[in-house]
Amino acid sequence: MARNENPIEKQESLGYVIKVQQVIDFIVLSELQDGELYAKELEECIILALGGSVGVNDGYLSQRLKTLAEQGHVTRKWVGDNRYNRYYRITDVGIDYFKSLMRELPDRVKRAQHVYNRFETYMDKYGKMNLS
């Protein structure tokens, strides 16, 4: 087969359309606008924001919270001896990051919806295939 003389150029990669970390960061920072919350409360907020049944892996959320703290977007503090009693609060830097997500994410969500709708249409081509 001859090499394609006119290859199709991608404009962006699928994993960049909308990143899970941006979704988690947005929900976490939006929930922290009203005051401090601990990780379990943030996890519940994520589940509710995503429809009540979809959540995020505990380890992933823990890592995102750690990264947000390291980047200065949130502060965290221990309450008592229980390692699960770590409270998070948004910082001024976090508010700026949240505002940047507010500017960026609406277009990304629309793009992701378009991409997934196109994929669903693509899958429908094979929906009539006998899978037995």
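Residues numbered from 1 in each chain as written. Predicted model: local features only at pLDDT ≥ 70, side-chain atom pairs only at ≥ 80, totals over all residues. Heavy atoms only, no water.

### Some points on the overall build of the protein
Helix and strand counts for the protein stand at 5 helices and 3 strands. Reading the helices (α) and strands (β) of the protein from amino to carboxyl end gives α-α-β-α-α-β-β-α. Expressed along its principal axes, the backbone C-alpha trace of the protein runs to roughly 65 × 40 × 25 Å. For the protein, with 132 residues in total, the buried portion stands at 27%. A sequence separation of at least 24 residues applies to 55% of the contacts in the protein between residues at least 6 apart. Put simply, the protein shows about 9900 Å² of open surface, and 51% of that area lies on carbon and sulfur atoms. With 19 positive and 19 negative side-chain charges, the protein shows a separation of 5 Å between the mean positions of the two kinds. (Helix = DSSP H or I, 4+ residues; strand = E, 2+ residues; numbered from the N terminus. Buried < 20%, exposed > 50% of the residue type's maximum accessible area, 1.4 Å probe, protein only. Contact = heavy atoms within 4.5 Å. Areas by Shrake-Rupley, 256 points an atom, 1.4 Å probe, with all protein chains shown as cover. Lys, Arg positive; Asp, Glu negative; His and termini not counted. Charge placed at Lys NZ, Arg CZ, Asp CG, Glu CD.)

### Describing the layout of surface pockets
Taken as a whole, the second largest pocket holds about 150 Å³ of empty space. Taken together, L14, R111, H114, V115, Y116, R118 and F119 make up the full set of residues lining the second largest pocket. Taken together, the residues of the lining of the second largest pocket sort by class into 4 nonpolar, 1 polar and 2 charged. (1 Å grid on protein atoms, 1.4 Å probe; cavity = no way out; pocket = protein on both sides within 12 Å on 5 of 7 lines; lining within 4 Å. Points joined across faces, edges and corners; volume = space filled by probe spheres on them. Nonpolar A, V, L, I, M, F, W, Y, C, P; charged D, E, K, R; others polar.)

### Describing the packing of helix 2 (residues 20-31) against helix 5 (residues 92-124)
Running from N to C, helix 2 and helix 5 cross one another at 130 degrees; their axes reach a closest spacing of 10 Å. Taken together, the axes of helix 2 and helix 5 are oblique relative to one another. Handedness of the crossing formed by helix 2 with helix 5: left-handed. Contact residues: helix 2 offers Q22, D25, F26, L29 and S30, while helix 5 offers G94, Y97, F98, L101, M102, E104, L105 and R108. (Axes fitted to C-alpha atoms, helices over the stretch in contact; angles between N-to-C directions. Parallel < 35°, antiparallel > 145°, perpendicular 65-115°, else oblique. Left-handed = near helix turned anticlockwise from the far one by under 90°.)

### Remarks on the nonpolar core
Among the nonpolar cores identified, the biggest contains 21 residues, and V28, L32, L42, I46, L61 and V74 are the most heavily contacted of them. Broken down by secondary-structure element, the contributors of at least two residues to this core are helix 2, helix 3 (39-49), helix 4 (58-70), strand 3 (86-90) and helix 5. (Core = buried A, V, L, I, M, F, W, Y, C linked by side-chain atoms within 4.5 Å.)

### Structural notes on helix 4
Counted at 1.5 Å a residue, the expected span for helix 4 with its 13 residues is 18 Å, and the 18 Å between its end C-alpha atoms agrees. Next to the buried residues of helix 4 lie helix 2, helix 3, strand 2 (74-78), strand 3 and helix 5. The opening residue of helix 4 is N57, an N-cap whose side-chain oxygen sits 2.7 Å from the backbone nitrogen of G59. (Expected span 1.5 Å × (residues − 1). Polar contact = N/O pair within 3.5 Å; in protein donor to acceptor, adjacent residues only side chain to side chain.)

### A closer look at helix 2
For helix 2, with 12 residues, the first-to-last C-alpha span of 17 Å sits near the 16 Å given by 1.5 Å per residue. Buried within helix 2 we find Q22, I24, D25, I27, V28 and L29. Where the residues of helix 2 are buried, they touch helix 3, helix 4, strand 2, strand 3 and helix 5.

### Details of the pattern of salt bridges
Overall, the coordinates contain 5 salt bridges when judged by the stated rule. In this structure, R89 engages E36 in a salt bridge whose closest nitrogen and oxygen atoms are separated by 3.4 Å. Remark: E36 occurs in the loop between helix 2 and strand 1 (37-38) and R89 occurs in strand 3; sequence separation between them is 53 residues. Residue classification places R89 among the partly exposed positions, given a relative accessible area of 39%. Judged by its relative accessible area of 29%, E36 is partly exposed. Between E43 and K40 there is a salt bridge, and its shortest N-O distance comes to 3.1 Å. Linking E43 with K40, this pair stays in helix 3, spanning 3 residues, or about one helical turn. Shared partners join several salt bridges into a network, and the residues in it are E36, K77 and R89. (Salt bridge = Lys/Arg side-chain N within 4 Å of Asp/Glu carboxyl O.)

Geometric descriptors of this kind do not, in isolation, establish any biological role.
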